[in-house]
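Observations on the model geometry
Now for the letters of each chain:
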Amino acid sequence: MNVLRKMRPSLVLLHMLVLAVVISGAALRAAGQAGTGETVSRKATEQFENSPLKITSLGEGLYVFSGDGGDVTAIVDNGSTLLIDSGLASRVTELSDAIFKATMRPVTRLVNTHWHFDHTGGNVFFGSAGVTIIAQENVKKRLSSVQDVPFIGLRDGHYPPQALPTLTYSSSMTLTQGSQQLTLANYGSAHTDGDTVTYISPANVVVVGDIFSNHFYPIIDLASGGSIDGMIQSLDRVLAQTDAQTKIVPGHGPVATRADLQEYRDMLAQVRQRIKVLITSGKTIDEAVAAAPTKDFDAKWGGGYVPADVFTKMVFSSLTNAGSASR
Ligand SMILES: [Zn+2]
């Protein structure tokens, strides 16, 4: 410290900054986090912390709240509100106030579409208030212990008991909320190994979670059992059960139509096919990125927190089974 005292203040600051960068770099490497994806979680979190909270009414007592993490859907009956997803932890008070203002009814049940922090961040808040948390059974397993997702620089999980799902299912479950019937379905591993798609009828709304990012390349969470083939298969199941009038609530982005979902599914399938050809011809992951297999899609889909090179690497790794669980 004597040495530091003799330096000019600006030099001391520089010295400390360099030290901090070296230490944090070492800590990240020690945590096993990997190259290009390190910034994906951070960029996403910054976006969710700073976007205004928007409310969209779908009619028939259904609302979508977006901006504070993953899209949050509220379904109202005479005396209560059922929520699908709970947004980012740091914005849950704002979300809760906005939900009450729109619905004037207390939240009594909460469905999680999957375990990621931007969809379950409000679980502590709602769980502590006695709200019943419902999810596919693998969500409870993943939230109960520490999860590492090196591709996107995410280390999370190990939630407190009050934030864990208390009601779980394996492949499907039915709930009633007022005049609406909710069918929760899991189609196997897709974005993660615990994805829930919720069909709401007669409103003709389907809440699909992160198997669909509207306007952005999606995250495929290989460390949590996700895969590109699983994503496409789940999307095909949703396409088979919807029509031109269905309102589709994505995990992120504005409410969409079936035509939007079809376009997104076809983009995924084309990128998958191109990368498959590169793998078959013996290309390495870096050579596949250099071949720019998403080039003509980047203008439309590359503006989110998943850049084209990270998306290409996710698809490549999924197809070569690196870090991906088999279905
Ligand atoms: Zn997610």
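A short tour of the structure in this document, coming up. (Residues numbered from 1 in each chain as written. Predicted model: local features only at pLDDT ≥ 70, side-chain atom pairs only at ≥ 80, totals over all residues. Heavy atoms only, no water.)

**Quick look at helix H8 (residues 228-240)**
With 13 residues, H8 should cover 18 Å at 1.5 Å per step; its first-to-last C-alpha distance of 19 Å lies within 8% of that length. On its buried face, H8 is in contact with strand E12 (197-201), strand E13 (205-213), helix H9 (258-280) and helix H12 (308-319). (Helix = DSSP H or I, 4+ residues; strand = E, 2+ residues; numbered from the N terminus. Expected span 1.5 Å × (residues − 1). Contact = heavy atoms within 4.5 Å.)

**A look at the pairing of strand E1 (residues 54-59)**
The two faces of the sheet receive side chains in turn, since in a regular strand these alternate between them. Sheet analysis places E1 next to strand E2 (residues 62-66), joined by five bridges and oriented antiparallel. Its bridge partner lying in E2, Gly59 is registered against Leu62. What sits between the antiparallel neighbours E1 and E2 is a turn of two residues, in which Glu60 has the positive phi angle 55 degrees. (Pairing = 2+ DSSP bridges.)

**Digging into the pattern of salt bridges**
As a working rule, side chains carrying opposite charge can pair if their charged atoms are close by. Under the counting rule described, the total for this entry stands at eight salt bridges. With its nearest N and O atoms 2.6 Å apart, the salt bridge here joins Arg265 to Asp236. Taken together, the residues Arg265 in helix H9 and Asp236 in helix H8 connect sequence positions 29 residues apart. The closest approach of N and O atoms between Lys300 and Glu263, which form a salt bridge, is 3.1 Å. Of this pair, Lys300 sits in helix H11 (residues 298-301) while Glu263 sits in helix H9, and the two are 37 residues apart along the sequence. We classify Lys300 as partly exposed; its relative accessible area is 40%. A cluster of three or more residues bridged by salt bridges with shared partners is formed by Asp236, Arg265 and Asp266. (Salt bridge = Lys/Arg side-chain N within 4 Å of Asp/Glu carboxyl O. Buried < 20%, exposed > 50% of the residue type's maximum accessible area, 1.4 Å probe, protein only.)

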